[in-house]
Amino acid sequence: MPLEPGIEPEEVATRFYQAIMDNNYPAFLECFTQWHKEREKGRPKLYWGVGRKLVDEKGYTYKIHKPSFLEKARLLKRAADKVTDGRDPRRPQPKGQKKIFFQRYLRTGEKTGYPMPIILVKDPDTNNEWRVELATI
């Protein structure tokens, strides 16, 4: 099922992880850039295999990570401290690229690990639509 034109990067990323949880390989594949899609078809399915194993064996679920107000404040303070020390920790995203964080949860609903990045790009092969370039499973 193709993604609708104009879909936002957060929705593409959410569908990517939802497809893994729903065991829907065609929907999962549709979220990748065309370049990655072609390579994923001919190889052992790295992202798919690992993702399905984690979902099946450990019961993982994935949800978009929205930092709390306090977490944002803590991160901003830490960045300000580093700037004061002469180091700038901010890394602006290149134009046409978006990094979104997802959190893994156990069957019990408990968080596991740190929020994981997924990087999306505007793919020229799909009319500059947002697609997954790199994901953490």
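It should be noted that the structure appears before, not after, this text.
In what follows, the accompanying structure is described.

1. Details of the packing of aromatic side chains
Tallying each qualifying case throughout the model produces 11 aromatic pairs. Ring centres of Phe16 and Phe32 lie 5.5 Å apart, and the angle between their planes is 85°; on these two criteria the pair is classed as edge-to-face. Of the two residues, Phe16 is situated in helix α1 (residues 9-22) and Phe32 in the loop between α2 (25-30) and α3 (34-42); the sequence distance between them amounts to 16 residues. Its relative accessible area of 0% is what places Phe16 among the buried residues. Take Phe32: its relative accessible area is 1%, and that puts it in the buried class. With 5.4 Å between their ring centres and 45° between their planes, Phe32 and Tyr47 make a pair best called tilted. In this pair, Phe32 is assigned in the loop between α2 and α3 and Tyr47 in helix α4 (residues 46-58), connecting sequence segments 15 residues apart.

2. Considering the nonpolar core
Counting residues in hydrophobic clusters, the biggest one holds 29 residues, and the most contacted among them are Phe16, Tyr17, Phe28, Tyr62, Ile118 and Val132. Elements with a contribution of two residues or more to this core: α1, α2, α4, β2 (97-105), β3 (111-123) and β4 (129-135). Top element by residues in this core is α1. It accounts for 7 residues. Beyond its immediate chain neighbours, meaning those up to four positions away, Val132 contacts Val12, Phe16, Cys31, Phe32, Thr33, His36, Ile118, Ile119 and Leu120.

3. A short note on the side chain of Thr112
Residue placement: Thr112 occurs in strand β3. Look past the residues within four positions of Thr112 in its chain and what remains in contact with it is Tyr60, Gln103, Arg104, Tyr105 and Leu106.

4. Description of the pattern of salt bridges
Scanning the model with the defined rule gives 7 salt bridges in all. Of the charged contacts in the structure, one is a salt bridge between Lys98 and Glu10, with a shortest N-O distance of 3.2 Å. You can see Lys98 sitting in strand β2 and its partner Glu10 sitting in helix α1, a full 88 residues away along the chain. For the salt bridge of Lys77 with Asp81, the shortest nitrogen-to-oxygen distance reads 2.9 Å. Placement of both Lys77 and Asp81 in helix α5 (residues 69-84) is noted, with a separation of 4 residues, approximately one turn of the helix.

5. As for the sheet that holds strand β1 (residues 61-64)
Taken in spatial order, the 4 strands line up as β1-β2-β3-β4 in an open sheet, and their pairing is antiparallel. At either end of the open sheet lies a strand with only one pairing partner, and these are β1 and β4. Each strand axis lies, on average, 40° off the axis of its neighbour in the sheet, ignoring direction. As judged from the 4 bridges shared by β1 and β2, these two strands associate in the antiparallel manner. Across the sheet, residue Tyr62 finds its bridge partner in β2, namely Arg104.

6. What to know about unusual backbone geometry
Residues other than glycine seldom take positive phi values, yet Asn23 does so here, at roughly 60°. Looking at where Asn23 falls in the secondary structure, it is placed in the loop between α1 and α2. The exposure class assigned to Asn23 is partly exposed, which follows from its relative accessible area of 47%. The backbone of Asn128 shows a phi angle near 60°, a positive value even though the residue is not glycine. With respect to the helices, strands and loops of the structure, Asn128 is situated in the loop between β3 and β4.

Cut-offs used in this document
- Residues numbered from 1 in each chain as written.
- Predicted model: local features only at pLDDT ≥ 70, side-chain atom pairs only at ≥ 80, totals over all residues.
- Heavy atoms only, no water.
- Phe/Tyr/Trp six-rings, centres within 6.5 Å; stacked < 30°, edge-to-face > 60°.
- Helix = DSSP H or I, 4+ residues; strand = E, 2+ residues; numbered from the N terminus.
- Buried < 20%, exposed > 50% of the residue type's maximum accessible area, 1.4 Å probe, protein only.
- Core = buried A, V, L, I, M, F, W, Y, C linked by side-chain atoms within 4.5 Å.
- Contact = heavy atoms within 4.5 Å.
- Salt bridge = Lys/Arg side-chain N within 4 Å of Asp/Glu carboxyl O.
- Pairing = 2+ DSSP bridges.
- Axes fitted to C-alpha atoms, helices over the stretch in contact; angles between N-to-C directions.

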